[in-house]
Amino acid sequence: MNAPEIEFADAGWVAITRDQRGRVGVKPVRMFELTGEGVTALTKNADGLMVPDPHAVEVIKTDPLHAAKLAWMHKLVGVAERCTTDEARADLRRIARWLADWEPGDPGLRLAVGDG
């Protein structure tokens, strides 16, 4: 078994986080641990030691737009778990596809089809 490697993160490394209340967020990563199983964000605890971030669910190197999109996708997963109708699940799939493809300047998403 190889010992984990501790790395200083350069610009663009972020952690997608979920706190005890289920709130999803994005925060920059300063240090991470690299093992054969993946990347773990490290955070400083009350004693000043670097320990695994208990709220990090995903650690990636990306730009701010894609980090925000990924965080919103994690939020949509929580919504999907509460969907009870086929119509709601179809709307959620449309939202997820729109979000994945959205770029600054694109128009908003319209789900409801009006009759006039």
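Everything below is about the structure printed above this text.
Definitions and limits used
Residues numbered from 1 in each chain as written. Predicted model: local features only at pLDDT ≥ 70, side-chain atom pairs only at ≥ 80, totals over all residues. Heavy atoms only, no water. Helix = DSSP H or I, 4+ residues; strand = E, 2+ residues; numbered from the N terminus. Rg over C-alpha atoms; globule rule 2.2 N^0.38 Å. Buried < 20%, exposed > 50% of the residue type's maximum accessible area, 1.4 Å probe, protein only. Contact = heavy atoms within 4.5 Å. Areas by Shrake-Rupley, 256 points an atom, 1.4 Å probe, with all protein chains shown as cover. Lys, Arg positive; Asp, Glu negative; His and termini not counted. Charge placed at Lys NZ, Arg CZ, Asp CG, Glu CD. Expected span 1.5 Å × (residues − 1). Polar contact = N/O pair within 3.5 Å; in protein donor to acceptor, adjacent residues only side chain to side chain. Core = buried A, V, L, I, M, F, W, Y, C linked by side-chain atoms within 4.5 Å. Pairing = 2+ DSSP bridges. Axes fitted to C-alpha atoms, helices over the stretch in contact; angles between N-to-C directions.

Undergrad: Sorry if this is basic, but what is going on with the overall build of the chain here?
TA: Helices and strands together make up the secondary structure of the chain, namely two helices and seven strands. The helix and strand sequence of the chain, counted from the amino end, reads β-β-β-β-β-β-β-α-α. Its C-alpha radius of gyration of 18 Å places the chain more than 25% over the 13 Å reference for a compact globule of 116 residues. Taken over the C-alpha atoms alone, the chain extends approximately 60 × 30 × 30 Å along its principal axes. Considering the chain as a whole, with its 116 residues, one finds that 22% of them fall into the buried category. For the chain, the proportion of contacts with a sequence separation of at least 24, taken over those separated by at least 6, is 45%. For the chain, the accessible surface area stands at approximately 8500 Å², while carbon and sulfur atoms represent 55% of it. Charge-centre separation for the chain: the mean point of 15 positive side chains lies 6 Å from the mean point of 18 negative side chains.

Undergrad: Could you clarify how one ought to interpret helix α1 (residues 64-80) in this entry?
TA: In an α-helix there are 3.6 residues to a turn, and that puts residues three or four apart on one side. Taking 1.5 Å per residue, 17 residues should reach 24 Å; α1 reaches 24 Å between its end C-alpha atoms and fits that length. Along α1, the residues classified as buried are A67, K69, A71, H74, L76 and G78. Elements that come into contact with the buried residues of α1 comprise β2 (13-18), β3 (24-28), β7 (56-61) and α2 (86-101). In this structure D63 caps α1, since a side-chain oxygen of it lies 3.1 Å from the backbone nitrogen of L65.

Undergrad: Would you mind showing me how to read the nonpolar core here?
TA: Nonpolar side chains in soluble globular proteins tend to be buried together. The biggest cluster of nonpolar side chains holds seven residues, and these are A9, W13, A15, V29, F32, A41 and V59. Excluding residues that lie within four positions of it along the chain, W13 makes contacts with P28, V29, F32, V39, V59, I60 and K61.

Undergrad: What am I meant to see in the pairing of strand β5 (residues 38-44) here?
TA: Sheet faces and side chains relate simply in a regular strand, where the side chains alternate between the two faces. Pairing of strand β4 (residues 31-35) with β5 involves five bridges; the strand directions are antiparallel. Bridging across to β5, M31 finds its partner in L42. Sheet topology note: the β5/strand β6 (residues 50-52) ladder contains three bridges and is antiparallel. Bridge assignment links L42 to a residue of β6, and that residue is P52. The antiparallel pairing of β5 with β6 creates a hairpin that spans five residues between the two strands, and G48 there sits at a positive phi of about 85 degrees.

Undergrad: What's the story with the sheet that holds β2 in this structure? I'm lost.
TA: Hydrogen bonds between backbone groups are what pair the strands of a sheet, and the pairing can be parallel or antiparallel. Taken in spatial order, the three strands make up an open sheet running β3-β2-β7, and their pairing is antiparallel. With one partner strand each, in any of the chains shown, β3 and β7 form the two edges of the open sheet. Sheet twist, expressed as the average angle between the axes of neighbouring strands with direction ignored, equals 25 degrees. When β2 meets β7, the two strands line up antiparallel, connected through five bridges. Opposite V14, over in β7, you have I60 as the bridge partner.

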